[in-house]
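# Summary of the model geometry
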Amino acid sequence: MIGKDPATVPHLVCLAETLNLPVFDGGATHMNFPYSHRLHQPGRADQRLQHADVILTLESDWPWAPGRHEPHPDATVISVGPDPLFSRYPLRSFQSDISLAGSAALTLQALAQAVRGESLDTARIHERGLAWEAAHAKARAALQAQAEAGRLQTPLAKAWVSACVEQVRNDSTIIINELGLDVSQFGFERPGTYFGAPAPGILGWGLGAALGAKLAAPDKTVIACVGDGSYMFVSPTAAHWVARRMQLPVLFIVWNNARWNAVASATRGLYPDGWTAHLNSYPFSDLSPSLDWELVCQAAGGHGERVEDPAEVPTASERALRVVQQEQRQALLNMVSA
């Protein structure tokens with residue numbers, strides 16, 4: 001993802017604005033494009049691929065889901081990155097009609113300069129910009145409505161919890177997310193403020209990444225958002241001990257649905273009419289009865305709370321952040337869902 005080099009983001013913004021191109025970065029591991037920008041489109045481009053005549057992928061090893069959402073056969077796919085064909089992968093067959101190998105920042109800068117030198121259909125570009133600006137506003141309004149719908153919903157709704165965390169976050173906050181919160185509810189503007197789980201390995205990455213981020217940026221507030229399955233996978237007692245030993249006040253938010261939901265959802269996706277779907281029972285993914293994760297953090301001298309009432313989410317988030325920022329102690333919020 002291009003956001004790992006902050007200098008790349010302004011060049012992508014420049015190219016997008018020059019041609020009024022929509023930018024999709026669903027599933028991103030970095031902040032690649034300002035979320036509030038009129039051309040930013042939340043989520044993946046899956047439903048739009050068939051209607052695109054040109055597709056530009058930027059350091060994306062999995063740009064679409066083969067067999068489900070694919071580009072139109074006549075579309076031109078341009079791939080950009082140090083290794084746009086991902087030649088080290090033993091198996092990869094995504095279409096790439098034009099492969100531009102090199103720095104994404106320099107490539108995007110050159111592309112923006114090149115198109116500005118062309119004779120452009122400004123009326124068509126303006127019309128396209130208005131359409132995608134409207135699509136952006138509609139998508140953001142739908143996301144806000146989704147969060148508001150969870151305000152009184154029990155068990156906790158991930159959209160509501162994520163929106164509450166967004167309210168206490170600022171540009172001095174680093175969000176580490178490993179299946180913990182709904183990233184689309186955030187409004188990231190600056191590169192380096194968001195890091196998602198990398199493709200090579202997921203379960204157990206988040207806690208260690210958060211501790212490393214706090215070590216690297218001690219003046220920043222670090223919030224680690226992880227699922228309960230991920231939290232278990234990393235040996236949480238070791239992580240909390242390191243936070244205490246190294247004096248790393250991190251806020252840990254555990255999305256506790258008592259299951260490895262990635263396993264269950266993958267099974268549903270492959271076998272939507274299978275017995276597991278009919279019975280709503282997914283072997284080897286059930287983590288109930290769930291433990292009181294907040295007590296693990298308390299055992300390491302931190303602040304821990306169990307949150308089940310949606311009305312308590314905003315105040316619990318504020319209390320936990322005060323502990324982290326003012327008392328310089330770690331904190332954990334056990335967000336109980338279903």
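Structure report, in brief. Just so it is clear, the model here is predicted, and its values are computed rather than measured.

Procedures and definitions
The residue numbering used here restarts from 1 in each chain and proceeds along that chain's sequence as written. Residues qualify for local features only when their pLDDT is at least 70, as the model is predicted, and side-chain atom pairs are given and counted only at 80 or more; totals for whole chains, interfaces and linings, by contrast, use all residues. For side-chain calculations, the full set of non-hydrogen atoms in the structure is used, while hydrogens and water are omitted. Each nonpolar core is a collection of buried residues, namely Ala, Val, Leu, Ile, Met, Phe, Trp, Tyr and Cys, held together in the definition by side-chain atoms within 4.5 Å. Think of it in three bands: with a 1.4 Å probe and only protein chains considered, a residue is buried below 20% of the maximum accessible area for its type, exposed above 50%, and partly exposed in between. Any two residues whose heavy atoms approach within 4.5 Å at even a single point are treated as in contact. Cavities and pockets were defined on a 1 Å grid built over protein atoms only: a cavity is a set of grid points that admits a 1.4 Å probe from which the probe cannot escape, a pocket is an open set flanked by protein on both sides within 12 Å along at least five of seven lines, and lining residues are those with an atom within 4 Å of any such point. Grid points are joined across faces, edges and corners, and a volume is the space filled by probe spheres set on the points. In this description a helix means any DSSP run of H or I spanning at least four residues, a strand means any run of E spanning at least two, and both kinds are numbered starting from the N terminus. In this classification, Asp, Glu, Lys and Arg are treated as charged, Ala, Val, Leu, Ile, Met, Phe, Trp, Tyr, Cys and Pro as nonpolar, and every other residue, Gly included, as polar. Helix axes are fitted to C-alpha atoms over the stretch in contact, other axes to C-alpha atoms as well, and angles between N-to-C directions run from 0 to 180 degrees. Note on angle classes: values under 35 degrees are labelled roughly parallel, values over 145 roughly antiparallel, values of 65 to 115 roughly perpendicular, and the remainder oblique. Working rule for handedness: look at the near helix, and if it is turned counterclockwise from the far one by less than a right angle, call the crossing left-handed; if clockwise, right-handed. Only residues whose relative accessible area exceeds 30% and that form no salt bridge enter a patch; like-charged residues are grouped when within 9 Å of one another, and nonpolar side chains (Val, Leu, Ile, Met, Phe, Trp, Tyr) when within 5 Å. For the accessible areas, the method is Shrake-Rupley and the probe is 1.4 Å, while residue cover comes only from the protein chains on display. Note on definitions: salt bridges are taken to be side-chain nitrogens of Lys or Arg within 4 Å of carboxyl oxygens of Asp or Glu. Strands are labelled as partners when DSSP assigns at least two bridges between them.

Grouped together as the largest cluster of nonpolar side chains are 49 residues, with contacts concentrated most on Ile175, Phe188, Ile223, Leu251, Val313 and Met335. Not counting residues within four places of it along the chain, the set of residues in contact with isoleucine 223 comprises Val165, Thr173, Ile174, Ile175, Ile176, Leu251, Ile253 and Leu321. The next biggest cluster of nonpolar side chains, apart from the first, holds 21 residues, and it includes Val222, Ala239, Val254 and Leu332.

Moving on: empty space enclosed by the protein. The final tally for this structure, using the stated rule, is one cavity of 30 Å³ or more. There is about 30 Å³ of room inside the largest cavity. If you trace the largest cavity, you find it lined by Thr57, Leu58, Glu59, Ser60, Ser79, Val80, Pro84, Phe86 and Arg92. Those elements that provide at least two residues to the lining of the largest cavity are β3 (54-58) and β4 (76-81). Of the residues contributing to the lining of the largest cavity, the split by class is four nonpolar, three polar and two charged.

What follows is about the packing of helix α4 (residues 158-168) against helix α11 (residues 313-325). With their axes 9 Å apart at the nearest point, α4 and α11 run at an angle of 45° to one another. Between α4 and α11, the angle is such that the two are oblique. The hand of the α4/α11 crossing is right-handed. Residues Trp160, Val161, Cys164 and Val168 of α4 form the contact with α11, whose own contacting residues are Val313, Pro314, Ser317, Glu318 and Leu321. Taken together, the residues of the contact of α4 with α11 sort by class into seven nonpolar, one polar and one charged.

On the surface, Leu179, Ile202, Leu203 and Phe233 cluster together into a nonpolar patch covering about 350 Å² of accessible area. Inspection of the secondary structure assignment puts isoleucine 202 in the loop between β7 (194-196) and α5 (205-216).

Looking now at the layout of surface pockets. Taken as a whole, the second largest pocket encloses approximately 300 Å³ of empty space. As for the second largest pocket, its lining consists of 15 residues, of which Gln144, Ala147, Ala163, Gln167 and Gln185 are closest to the centre. No other element matches the six residues that α4 contributes to the lining of the second largest pocket. Tallied by class, the residues present in the lining of the second largest pocket amount to seven nonpolar, three polar and five charged.

Below, the discussion takes up unusual backbone geometry. In this structure, the amide linkage connecting threonine 154 to the following residue, proline 155, adopts the cis form with an omega of -5°. Looking along the chain, the bond that leaves serine 288 and enters proline 289 is cis, with omega of -5°. Note that proline 289 resides in the loop between α9 (275-279) and α10 (293-299). The phi torsion at asparagine 20 lies on the positive side, around 55°, for a residue other than glycine. Even without being a glycine, glutamine 247 presents a positive backbone phi close to 55°. As for its position among the elements, glutamine 247 is in the loop between α7 (236-245) and β9 (251-256).

Attention now goes to the pairing of β9. In terms of burial, β9 is a largely internal element, six of the six residues being buried. Side chains of β9 alternate between two faces, with Leu251, Ile253 and Trp255 and Phe252, Val254 and Asn256 buried alike. Sheet topology note: the strand β8 (residues 221-227)/β9 ladder contains five bridges and is parallel. Among the inter-strand pairings, valine 226 is bridged to a residue of β9, identified as valine 254. Two elements, β9 and strand β11 (residues 331-336), share six bridges in a ladder whose sense is parallel. Residue isoleucine 253 lies in a different strand from β11, and its bridge partner there is leucine 333.

Moving on to the sheet that holds β3. An order of β3-β4-β5 is seen for the three strands of this open sheet, with the pairing classed as parallel. Edge positions in the open sheet fall to β3 and β5 (98-101), since each of these has one partner strand only. Neighbour to neighbour, the strand axes of the sheet diverge by 15° on average, direction disregarded. Of the pairings in the sheet, the one linking β3 to β4 comprises five bridges and is parallel in character. Residue pairing in the sheet places leucine 58 in a bridge with valine 80 of β4.

Honestly, that's just the spatial picture; any functional story needs more than this.
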